Amino acid sequence: MLTFQNIIGQQSIKTHFENAISTGKVSHAYILSGEEGMGKMTLAEAFALSLLCENRDQAPCLVCHSCKQVLSHNHPDLIYVTHEKPASIGVDDIRYQLNDTVGIKPYSSKYKIYIVDEAEKMTQQAQNALLKTIEEPPAYAVIILLTSNQEMFLPTILSRCIQLKLKPLKDREVKDFLIKEKKIPEDKAEVYGAFARGNLGKAIHLAESEEFQIVYQTMLALLKHLRGMDIAELMETIRKLKDDHLNLDECLDFMQLWYRDVLMFKVTKDINLLIFKEEYASINDMSKNSSYQGLEAILEAIDKARVRLKANVNMELVMELMLLVMKEN
């Protein structure tokens, strides 16, 4: 678990929480929204750690009994609301774990904190049950809702919570973290950072994912040799993608970043602007043999493929049409 000082980015949210703690103006309900992997739980736990610390001045001490309990996920006044059904948080989950216990005063702290992860999964009945507590909360209660889609909340829930939205990190911040903390080589860290689009959790997952390493090598081999492949070889590649159950979104992301590099180098001739610096020779060759119109057509074909796949158009047909555009251009 991290303190605010160690959390990368999200400065406005950290400042909001720190000001609330220092002034004593802590709200009874917060919504932290952002993509999975962006650090919602980390921020919520850092906030809880600061609120519950027995010796807090500017930062939690990390050594008092309360801090140790929070760090070991064993603090009686920090409750994680769970749910057995993967797809939903039901009214009974909210009643038994939150509503029925919120009236009991904190055991050892000034605050009693509830963290509801995946809160967008609350049913309408569960949200209405929660609303009763949010409308008339005990002074010591702090409820933190974590969500990747706050549009699923009732307007009445939204209007009674402080809404804080996480922002993507800069690629450089993600890259530096991977190099320093995860000991990832710089060239790989640059690729993971670009793929993650500011989502540190996703970047870490990619760096540790064996499946992504397969995607990486498969896409690299395909794109470098695409022009020399005949139709039979293209179809065999598509069948392999399907048989290996590779993540097609990641495959398309890879292609998009690759051709972005080709286009960038064609315009600037600056190797420092490339994501795939290690593949400079191939990218340089492609940039010489591709027109601006051709590269734009390829990037447009990738976008169309993404839309068609989401619309459940036949995967083999979608990929074939896209790869033919790439081959021709």
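Okay, so let's go over this structure. (Residues numbered from 1 in each chain as written. Predicted model: local features only at pLDDT ≥ 70, side-chain atom pairs only at ≥ 80, totals over all residues. Heavy atoms only, no water.)

**Observations concerning the overall build of the chain**
When its secondary structure is counted, the chain shows 15 helices and five strands. Residues classed as buried in the chain amount to 47% of the 329 residues present. Once local pairs closer than 6 in sequence are excluded, the contacts in the chain between residues at least 24 apart make up 71%. By element, 51% of the accessible surface of the chain is carried by carbon and sulfur atoms, the whole surface being about 16800 Å². (Helix = DSSP H or I, 4+ residues; strand = E, 2+ residues; numbered from the N terminus. Buried < 20%, exposed > 50% of the residue type's maximum accessible area, 1.4 Å probe, protein only. Contact = heavy atoms within 4.5 Å. Areas by Shrake-Rupley, 256 points an atom, 1.4 Å probe, with all protein chains shown as cover.)

**With respect to the packing of helix 8 (residues 186-196) against helix 10 (residues 210-225)**
At their nearest, the axes of helix 8 and helix 10 sit 13 Å apart, and the two run at 100° to each other. In this view, helix 8 runs roughly perpendicular relative to helix 10, as classed from their interaxial angle. Contact residues: Lys-188, Val-191, Tyr-192 and Phe-195 in helix 8; Phe-212, Gln-213, Tyr-216 and Gln-217 in helix 10. The residue inventory of the contact of helix 8 with helix 10, partitioned by class, reads five nonpolar, two polar and one charged. (Axes fitted to C-alpha atoms, helices over the stretch in contact; angles between N-to-C directions. Parallel < 35°, antiparallel > 145°, perpendicular 65-115°, else oblique. Nonpolar A, V, L, I, M, F, W, Y, C, P; charged D, E, K, R; others polar.)

**Some words on the nonpolar core**
In terms of nonpolar packing, the biggest core is built from 55 residues, with Met-255, Trp-258, Tyr-259, Phe-276, Met-322 and Met-326 touching the most fellow members. Filtering out sequence-adjacent residues up to four positions away, Met-255 remains in contact with Met-219, Leu-222, Leu-223, Ile-302, Met-319, Met-322, Leu-323 and Met-326. Ranked by size, the runner-up nonpolar core spans 31 residues in total, among them Ala-48, Cys-67, Ile-115 and Val-142. (Core = buried A, V, L, I, M, F, W, Y, C linked by side-chain atoms within 4.5 Å.)

**Some details on the packing of aromatic side chains**
A complete count under the given rule lists 13 aromatic pairs for this structure. Centroid distance Tyr-216 to Phe-276: 6.4 Å. Interplanar angle 55°. Geometry classified as tilted. Of this pair, Tyr-216 sits in helix 10 while Phe-276 sits in the loop between helix 12 (248-268) and helix 13 (280-289), and the two are 60 residues apart along the sequence. Here Tyr-216 matches Phe-276 in class, with each residue buried. Cluster of aromatic residues (ring-pair linked, three or more members): Tyr-192, Phe-195, Phe-212, Tyr-216, Phe-254, Trp-258 and Phe-276. The positively charged end of Lys-188 is found above the aromatic ring belonging to Tyr-216, 4.1 Å away from the centroid. Against the face of Tyr-292 rests Lys-266, its NZ or CZ located 5.2 Å from the ring centre. (Phe/Tyr/Trp six-rings, centres within 6.5 Å; stacked < 30°, edge-to-face > 60°. Lys NZ or Arg CZ within 6 Å of the ring centre and 35° of its normal.)

**Description of the packing of helix 12 against helix 13**
Closest axis-to-axis distance for the helix 12/helix 13 pair is 9 Å, and the angle between their directions is 65°. Taken together, the axis directions place helix 12 and helix 13 in an arrangement best described as roughly perpendicular. Once helix 12 is placed against helix 13, the crossing between them reads as right-handed. Along its contact with helix 12, which presents Trp-258, Tyr-259, Asp-261, Val-262, Phe-265 and Lys-266, the element helix 13 presents Tyr-280, Ser-282, Ile-283, Asn-284, Met-286 and Ser-287. By residue class, the composition of the contact of helix 12 with helix 13 is seven nonpolar, three polar and two charged. (Left-handed = near helix turned anticlockwise from the far one by under 90°.)

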